[in-house]
Amino acid sequence: MIEKITGPVFEYLAEDERLIQVARKVGLPLGGTFFVGGQRTEETIDTVRTFNEDGRAVTVDCLGEFIESERDAAAIADECIKVIHRISEEGLNAQVSLKLTSVGLRLDPRIAVTQMTRILETAEQFGMRVTVNMEEEAVCETIIQVFEQLRQRFANVGIALQANLYRTRFDLERLQSTVRVVKGAYTGPEDIYIERKETVDATYLQLVKHNLLQGCYTQVATHDEDMIQEIIRFVHQQGIGFDQFEFQMLQGMRPNRQKELVDEGYRVVIYVPHGVDWYTYLMKRLAERPANIVFTAISILRL
């Protein structure tokens, strides 16, 4: 019920041009700093440095929500490249990720390929991984095709796949790649998206386990303690090395558990959003999963 009431409200707020412009001028409010690395590059680099100090690695997610021209796409790529250089200059334990739509996928896939090539060439110089985020099912196949094209040249590129899509088990087998497995925030037709939480959870574990058994590096992106415990049990049972996977969590979510996993010897990577579109990012995350309102409040109290 809460999704039907609050989801559309947050979607509206996410696209409200006046609020977007105010957010860009004012910068991050107190609550935003818990969940977003920074609006400016140096703010985000400071956030990365703080996480690194207690053993947590980072993936800086370069946000780009409003792409209307090739110039816009190039500007997002420029910012991502700037972040890569700053990470390298500081010697930080970090990588980057981004949506292909933020570098022009909806304008023309060839634009996305051009901009991603620039990003990947820079990251390759510093031995840095770049992850392509997954998006709604309507662009899923195009994203995978662009990823396959990029992977022919670059070994440092990975991709996110969503457990709540029926097609994902076939995509995982098709790609045989470094994969970030997520439950998936998007929803849609029931013949495309898996709706039952129990089925999504079971599919999530199947995807992670299969990718690990195939010998592919796996990014286990979840805050679900049951999922975490099952993956820990599985890797110990199968004798899978800690260098074959990592746990990923959103900035601001379960910070104490993040630190516990580091202390237990696991690689933990924090997903740190970066850029002027932080406000739209936050509103969309709440629109996709209104239950995160409660989760967010609890997370703040645990800091």
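The strand order around the closed barrel built from eight strands is β1-β2-β3-β4-β5-β6-β7-β8, with neighbouring strands paired in parallel fashion. Neighbour to neighbour, the strand axes of the sheet diverge by 30° on average, direction disregarded. Both strand β2 (residues 94-99) and strand β3 (residues 130-133) contribute to a ladder of four bridges, which runs parallel. Bridge assignment links Ser-97 to a residue of β3, and that residue is Thr-131. Against the sheet, helix α11 (residues 255-263) makes contact with β7 (245-250) and β8 (268-274), and its axis sits at roughly 165° relative to β7, the strand it touches most.

Let us look at the environment of Val-179. Mapped onto the elements, Val-179 comes out in strand β5 (residues 179-182). The sequence separation of Val-179 and Ala-221 amounts to 42 residues, and the corresponding C-alpha distance is 9.9 Å. Residues within four places of Val-179 in sequence aside, it is in contact with Ile-159, Leu-161, Leu-172, Asn-211, Tyr-217, Thr-218 and Gln-219.

What follows deals with the side chain of Gln-162. Counting through the fold element by element, Gln-162 comes out in strand β4 (residues 157-162). Of the residues examined, Gln-162 reaches a relative accessible area of 3% and is grouped as buried. A polar atom in the side chain of Gln-162 sits 3.1 Å from the backbone oxygen of Glu-135. If near-sequence neighbours (up to four positions away) are discounted, Gln-162 is found in contact with Met-134, Glu-135, Thr-168, Val-182, Lys-183, Gly-184, Ala-185 and Tyr-186.

In a regular helix each residue adds 1.5 Å, so 14 residues correspond to 20 Å; helix α10 (residues 225-238) covers 20 Å between its end C-alpha atoms and thus fits that length. Of all the residues in α10, the buried ones are Met-227, Ile-228, Glu-230, Ile-231, Ile-232, Phe-234 and Val-235. Of the residues flanking the start of α10, the one acting as N-cap is Asp-224, its side-chain oxygen 2.9 Å from the backbone nitrogen of Asp-226. Note on α10: the residue one or two positions beyond its end, Gly-239, has a positive phi of about 65°.

With 77 residues, the main nonpolar core has Ile-87, Val-96, Val-103, Met-116, Ile-119, Ile-159 and Phe-247 as its most contacted residues. For this core, the leading source of residues is helix α5 (residues 70-90), giving eight residues. Among all residues touching Ile-119, those that are not within four sequence positions of it are Ala-77, Cys-80, Ile-81, Ile-84, Leu-98, Val-103 and Val-130.

Close contact between α5 and helix α6 (residues 109-125) brings their axes to 9 Å; oriented N to C, the two are set at 10°. Between α5 and α6, the angle is such that the two are roughly parallel. In this structure, α5 uses Glu-70, Ala-73, Ala-74, Ala-77, Asp-78, Cys-80, Ile-81, Ile-84 and His-85 to contact α6, whose residues at the interface are Ile-111, Gln-115, Arg-118, Ile-119, Thr-122 and Ala-123. In the contact of α5 with α6, the residues fall into nine nonpolar, three polar and three charged.

Throughout the structure, instances matching the rule amount to five aromatic pairs. Note on Phe-245 and Phe-247: the rings are 5.7 Å apart at their centroids and 85° apart in plane angle, and the pair reads as edge-to-face. Under the relative-accessibility criterion, Phe-247 is labelled buried at 0%. Here the aromatic rings of Phe-245 and Tyr-266 are separated by 6.2 Å at their centres, their planes lie at 50°, and the arrangement is tilted. Taken together, the residues span a long stretch of sequence, with Phe-245 in strand β7 and Tyr-266 in the loop between α11 and β8 at a distance of 21 residues. Residue classification places Phe-245 among the buried positions, given a relative accessible area of 1%. Through a chain of ring-to-ring contacts, three or more aromatic side chains come together here, namely Phe-242, Phe-245, Phe-247 and Tyr-266.

What counts and what doesn't
- In this numbering scheme, every chain counts its residues from 1 along its sequence in written order.
- Where local features are concerned, this predicted model is filtered to residues with pLDDT of at least 70; where side-chain atom pairs are given and counted, the filter is 80 or more; whole-chain, interface and lining totals use all residues.
- Computation of side-chain values: all heavy atoms of the structure, hydrogens and water removed.
- Two strands make a pair as long as DSSP finds a minimum of two bridges between them.
- The way it works is that DSSP assigns letters per residue, a run of H or I at least four long becomes a helix, a run of E at least two long becomes a strand, and they are numbered from the N terminus.
- For every element, the axis is a line fit to its C-alpha atoms; helices are fit only across the contacting stretch, and the angle between N-to-C directions ranges from 0 to 180 degrees.
- What makes two residues a contact is simply this: any of their non-hydrogen atoms within 4.5 Å.
- A 1.4 Å probe rolled over the protein chains alone gives each residue an accessible area, and that area as a share of the maximum for its type sets the label: buried under 20%, exposed over 50%, partly exposed in between.
- Identification of polar contacts relies on pairs of N or O atoms within 3.5 Å, with a donor-acceptor requirement for protein atoms, meaning one able to donate a hydrogen and the other able to accept it, and with residues adjacent in sequence counted only if both atoms are side-chain atoms.
- One less than the number of residues in a helix, times 1.5 Å, gives the span that helix is expected to have.
- Side-chain atoms within 4.5 Å link the members of a nonpolar core, which is a set of buried Ala, Val, Leu, Ile, Met, Phe, Trp, Tyr and Cys residues.
- For classification purposes, angles smaller than 35 degrees are called roughly parallel, those larger than 145 roughly antiparallel, those between 65 and 115 roughly perpendicular, and all remaining angles oblique.
- In this classification, Asp, Glu, Lys and Arg are treated as charged, Ala, Val, Leu, Ile, Met, Phe, Trp, Tyr, Cys and Pro as nonpolar, and every other residue, Gly included, as polar.
- Stacked, tilted and edge-to-face pairs are distinguished by plane angle, under 30 degrees for stacked and over 60 for edge-to-face with tilted covering the rest, among Phe, Tyr and Trp rings (Trp via its six-membered ring) whose centres lie within 6.5 Å.

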